[in-house]
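Notes for the structure review
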Amino acid sequence: MTTITTENPVPGTREGLESGVLEAAANKRRKRTYLALLIPGILGLLVSFVFPLLYMVRMSFNEGAPDGVVIDTFTFQTYIKPLTDPYYWRVTLDTFRMGLTVGVLCLVVSYPIALFLVRSTSKYKGLLLAIAIAPLLTSAVVRTYGWMVILGTNGLVNTSLESMGLIGSPLKLTNNMTGVTIGLVEIFMPYAILAMISGFGRLSPQLEEAAGSLGASKFKVFMRVTLPLSLPGVFTAFLLVFVMAISTFITPRLLGGGSVQVLATEIYDQTTGLLNWPFAAALSVILLVLFGTIIAIYQRIVQKIGG
Amino acid sequence: MTESKLSIVDLTKKYAAGLAPAVDRLNMEVEEGHLVALLGPSGCGKTTTLRMVAGLMDPTAGSIMVDGREITQEPVNKRGMGMVFQSYALFPHMNVEQNVAFGLQMRQVPKAEQKARVAEALDMVQLGHLGKRATKALSGGQQQRIALARALVVEPTLLLLDEPLSNLDAKLRDTMRTEIRSIQQRTRATTLFVTHDQDEALDMADRIAVMNGGLIEQFGSPIDVYERPRTHFVANFIGQANFLTITVGEDVGPASAAGERNYKIEVPGLGHFGAVGASGLTGRSLPVLIRPHRLRASLQPSASVQELKGTVEQVSYTGDTLSIAVRVGDEVLQSQLHTTSGSLPHTGDTAFLSWDPEHAYILPEHAKAVAA
Ligand SMILES: Nc1ncnc2c1ncn2[C@@H]1O[C@H](COP(=O)(O)OP(=O)(O)OP(=O)(O)O)[C@@H](O)[C@H]1O
Ligand SMILES: [Mg+2]
């Protein structure tokens, strides 16, 4: 008779049982180590994010009296106004529309740059990438002021167009949604470019060559190979820009000149102008829930498409 | 399947002005239905040549013709060639069927016909059951076969393969070698096959183009390049080789191969032997090639045959064969013995080397390496 030795213990045998127990213990230990490592991060999140958020939600059920007095109570009063007043419906819709427009335009202008940067074999590739994201080194405030100068009635764009005789009177490019959109698109471009580049991992010149050798024209190669493979980057970039656009405050306030009302500016006005903190908190909660839902749906769709 | 003839005339590629050309006035004629291996060391210009033929890269000069029609200026998507890349390049966002159907879609083949041809191509590579699989859920060998099916389904004028087996493990490589060869023979697709593996080339190819430094050193059948290498480089690259610099003596009559002569040769200071070579070599000093497995080594001197006497310097045992290195004067010669043959030599033994004249081939020219 021959004896069979197994490297892997057979379940049910004494040896197997013992090693199973040992393994479970080891797993447990490992899990505990992971948990221990997570504690600092979790604490940080609790203090800086979860508690303030909970505080804000609680605040939204209080009542705001004139002069910034917060009456501690539990009421849905603060929610009734934004949910029934058409003004707030319009602000919410404008916010959504702005996020969408800025997101789409930002993609359109950033996509070629990101694609170029990924595919470039130039030795200056690193430098070009640095230039593309260099605007991040200046604050959005500075860049917004820059755009105010460029787009203003006596700004670069209008004076050039006038001197070329293309327009008779200056275009209105500031203190409205047009200006805000232009400014935001430029400000978010570096983020969009970075997000796209990081999502272009599946692109490869070889796949394009393969498609070409199978008879695909340049246009077909782009439509059937390059574009589909770059979609993950595009989706990520859109989400990022959309989220930043709907929550941004500085540019709509400065370039909008008070005539562009979005949720962020509205919240700001309620907080610092009217000192109605419960109402501002309620608006924030609405912003959070509404756009959180939209983003969740978006992610679902993106996953379906198989990005 | 279409059988096409490929002609390459003075094909040259310079990547940059200052650099030496990667491919330097290369000429080659590939017959219909042949599988030609582009064989050579790393960096000799194999991929560059293949990419120019495929239309993925513009040549600096020269022309490429298929069936007599110049296609040098034609864009890649108009050439109708099938290419298999080293990393397969399967489209990750399409399943197996969609990958294989891609070329047919580009050619606007009707849906029903597409379906039939895709199924046929997948059956050919024995993966008919994997049509709906995602490409990332395939093994290397399976991906390789899909890539082959994708290239062949469009009935390409030429099939181009760039080291298609180099990413596979040794065993699978052997299987795929046989499979590619049999598919190629069935479809009779004229094929260019890049490899730097000499065994692969000898095994699969109808013709081998041995490349070195952007040039074809020799173009011929596997037997040709192995038995009758034109240069030192070719002899060395294809299989193992011993070289002895000899003086060619008297022509003693025709050899068995057409056009070749039997010669007496003198290994300076070591004696007179026999060898074969092209006609008219008498009096010249040239290298003679003897493959290790044709260099007999014995521990006893023979009474009847002229031999080289040397000392065994190294012995390496590989199971079937025993390789020994024997020092003869300034030279070290390699000999391969079958382990079935009687007593085996040990390091330090005196060995006697001999060969049959028809197994010693006088190279027609001095190579740089020998002259140096
Ligand atoms: N894009 C490029 N720019 C400059 N030189 C290049 C470029 N591509 C290849 N070369 C050079 O051209 C020569 C031939 O390259 P090629 O890729 O054709 O070699 P190969 O024979 O395919 O080698 P391997 O077996 O390593 O794949 C090499 O010396 C290489 O360094
Ligand atoms: Mg190569």
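All chains use their own residue numbering, which begins from 1 and follows the written sequence. By the order in which they are written, chains take letters starting at A while ligands take numbers starting at 1. In keeping with the model being predicted, local features are shown solely for residues with a pLDDT of at least 70 and side-chain atom pairs are shown and tallied solely at 80 or more, while totals for entire chains, interfaces and linings include all residues. In computing side-chain values, all of the structure's heavy atoms are included and hydrogens and water are not.

This paragraph deals with the overall build of chain B. Helix numbers and strand numbers start at the N terminus; a helix is a DSSP run of H or I with at least 4 residues, a strand a run of E with at least 2. Within chain B, the regular secondary structure consists of 9 helices and 20 strands. Projected onto its principal axes, the C-alpha positions of chain B cover 80 × 45 × 40 Å. In chain B, which comprises 372 residues, the proportion classed as buried is 52%. We call two residues in contact when some of their heavy atoms are within 4.5 Å. Residue pairs in contact within chain B that sit at least 24 positions apart in sequence constitute 65% of those at least 6 positions apart. Using a 1.4 Å probe, accessible areas were evaluated by the Shrake-Rupley method; residue-level cover was limited to the displayed protein chains. Of the accessible surface of chain B, which amounts to about 16500 Å², a share of 49% is contributed by carbon and sulfur atoms. The sign given to each residue is positive for Lys and Arg and negative for Asp and Glu; His and the chain ends receive no count. Lysine's charge is taken at NZ, arginine's at CZ, aspartate's at CG and glutamate's at CD. Side-chain charges in chain B split into 36 positive and 41 negative, and the spacing between the mean points of these groups amounts to 7 Å. For each residue, the accessible area found with a 1.4 Å probe, counting protein chains only, is set against the maximum for its type, and the residue is called buried under 20%, exposed over 50%, and partly exposed in between.

Residues and elements named next belong to chain A. Stacked, tilted and edge-to-face are the three classes applied to pairs of Phe, Tyr and Trp rings, where Trp contributes its six-membered ring and a pair requires centres within 6.5 Å; stacked means planes under 30 degrees apart, edge-to-face means over 60, and tilted covers the rest. Per the counting criterion, the structure on display carries 19 aromatic pairs over all chains. Each ring, one from F188 and one from Y191, has its centre 6.3 Å from the other, and the planes form 65°; the classification is edge-to-face. Placement of the pair is F188 and Y191 together in helix α7 (residues 177-199), with a separation of 3 residues, close to one helical turn. On the accessibility criterion, F188 (6% relative accessible area) is buried.

Among the structural elements, G283 of chain B can be located in the loop between β13 (271-278) and β14 (285-290). Taking the relative accessible area as the measure of exposure, G283 of chain B reaches 56% and is therefore exposed.

Residues and elements named next belong to chain B. The nearness test applies per residue and asks whether one of its heavy atoms lies within 4 Å of the molecule or strand. Residues in close proximity to ligand 1 include Y15, A22, S42, G43, C44, G45, K46, T47, T48, E163 and H196, which together make up its full environment. Take G43: an N or O atom from its main chain is 2.7 Å from an oxygen atom of ligand 1. Counting of polar contacts relies on pairs of N or O atoms within 3.5 Å, with two restrictions inside protein: one atom must be capable of donating a hydrogen and the other of accepting it, and residues adjacent in sequence are counted only when both atoms are side-chain atoms. Within the side chain of K46, an N or O atom sits 2.8 Å from an oxygen atom of ligand 1. Protein chains bury 57% of the 630 Å² of accessible surface belonging to ligand 1 in isolation.

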